[in-house]
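Chains, contacts and geometry: an overview
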Amino acid sequence: MTTATTARRAIFRAMLLVSIGPVISIFADELPPLIGRPASITVAKPGQLSVSPSGDRLALTDRFSNRIFILDTRGNVLWSVSEGVTLNQPQAIFMSDAGTVVFSQWDSRLLFRVTESTPQVIDTVVDLSEALGVKARILRIVQRRDKSYLILTDSPEQLMHFASDWTDPHVIAKGGSGKGKLYGSTACAELPAGRLVVTG
């Protein structure tokens, strides 16, 4: 089984396992049906869901409760970020490895890092204010297979690309109307063939 297939299974299983208010089940045609069971947490206002590169861990931001959960693919909480730290509506998140998450907060252009070994210690990774604009909100962070990054923002609505060291920012798509423009975008991803998809 490929890593991509494992990751897809983990995402769809997570959608069944994590209670996020009204639960909507989504199945992929190429995957066998999954039988969900209640997870040990309830998330009232989820931010972004991210799968670890190994495909066996999930990171989820609970924006309004100011928590971050790392779960296995059965919905068991492995570790969390909430006790002993002050979060301000964590939103976008990605897992750089099984024990490290990088995340943003709702009205901030800073990216932060926290690890499983020290979940009470939050480090600043980078300040993207100059590249994104001082009013931008980071909605999604995607680490591509080549270790570069995609950032989806609103205010202004745009999809930006950064090098692996968070330098060399350039805009891939801007908000607006017409072909090639973004409108009401809420998520983005890199497909297995390397193509990008943005949904609204």
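Residues numbered from 1 in each chain as written. Predicted model: local features only at pLDDT ≥ 70, side-chain atom pairs only at ≥ 80, totals over all residues. Heavy atoms only, no water.

Among the eight residues that make up strand β5 (residues 90–97), six are buried, leaving the element largely enclosed by the rest of the structure. Two strands pair when backbone bridges link them, and β5 and strand β6 (residues 100–105) are joined in this way by five bridges, in the antiparallel orientation. Bridged to M95 within β6 is V101. Linking β5 back to β6 in an antiparallel pair, the connection comprises two residues. (Buried < 20%, exposed > 50% of the residue type's maximum accessible area, 1.4 Å probe, protein only. Helix = DSSP H or I, 4+ residues; strand = E, 2+ residues; numbered from the N terminus. Pairing = 2+ DSSP bridges.)

Strand residues, when the strand is regular, have side chains that alternate between the two faces of the sheet. Extensive coverage of strand β9 (residues 137–143) is indicated by the burial of five of its seven residues. In this sheet, strand β10 (residues 149–154) lies alongside β9 in antiparallel orientation, the contact comprising six bridges. Bridge assignment links V142 to a residue of β10, and that residue is L150. Hairpin connection, β9 to β10: the antiparallel pair is bridged by five residues, and K147 has positive phi, about 75°.

Okay, the side chain of S52 next. Considering the arrangement of structural elements, one finds S52 in the loop between β1 (46–51) and β2 (57–62). One polar contact links S52 to D56, side chain to side chain, over a distance of 3.3 Å. Apart from the residues lying within four places of it in its own chain, the contact partners of S52 are R57, M95 and A98. (Polar contact = N/O pair within 3.5 Å; in protein donor to acceptor, adjacent residues only side chain to side chain. Contact = heavy atoms within 4.5 Å.)

This part covers the sheet that holds β1. The antiparallel open sheet is built from four strands, whose spatial order is β1-β2-β3-β4. Either end of the sheet is taken by a strand with one partner, and the two such strands are β1 and β4 (77–81). Adjacent strand axes in the sheet meet at a mean angle of 15° when their direction is disregarded. Pairing of β2 with strand β3 (residues 67–72) involves six bridges; the strand directions are antiparallel. Bridge pairing in β3 places L60 opposite F69. (Axes fitted to C-alpha atoms, helices over the stretch in contact; angles between N-to-C directions.)

A word on the pattern of salt bridges. This model, assessed by the stated rule, comprises six salt bridges. Between R137 and D107 there is a salt bridge, with the nearest N and O atoms lying 3.8 Å from each other. Here R137, found in strand β9, pairs with D107, found in the loop between β6 and β7 (110–115); they are 30 residues apart in sequence, far enough to count as distant. Under the relative-accessibility criterion, R137 is labelled partly exposed at 25%. Its salt-bridge partner being E190, residue R144 comes within 3.3 Å of it at the nearest N-O pair. A residue pair is termed long-range when its members are at least 10 positions apart, and R144 in the loop between β9 and β10 and E190 in strand β13 (residues 187–190) qualify at 46 residues. When its relative accessible area of 17% is taken as the criterion, R144 is described as buried. (Salt bridge = Lys/Arg side-chain N within 4 Å of Asp/Glu carboxyl O.)

One finds L111, L128, L132, I141, I151, F162 and W166 to be the most contacted residues of the largest nonpolar core, which totals 15 residues. Listing elements by their share of this core, those giving two or more residues are β5, β9, β10 and β11 (158–162). Residues within four places of F162 in sequence aside, it is in contact with L128, A131, L132, S148, Y149, I151, T167, D168 and P169. (Core = buried A, V, L, I, M, F, W, Y, C linked by side-chain atoms within 4.5 Å.)

Here the focus is the sheet that holds β7. With antiparallel pairing, four strands are arranged side by side in an open sheet as β5-β6-β7-β8. In this open sheet, the two strands that pair with only one neighbour each are β5 and β8 (123–127). The mean inter-strand angle of the sheet, taken between neighbouring strand axes irrespective of direction, is 25°. The sheet contact formed by β6 and β7 spans five bridges and is antiparallel.

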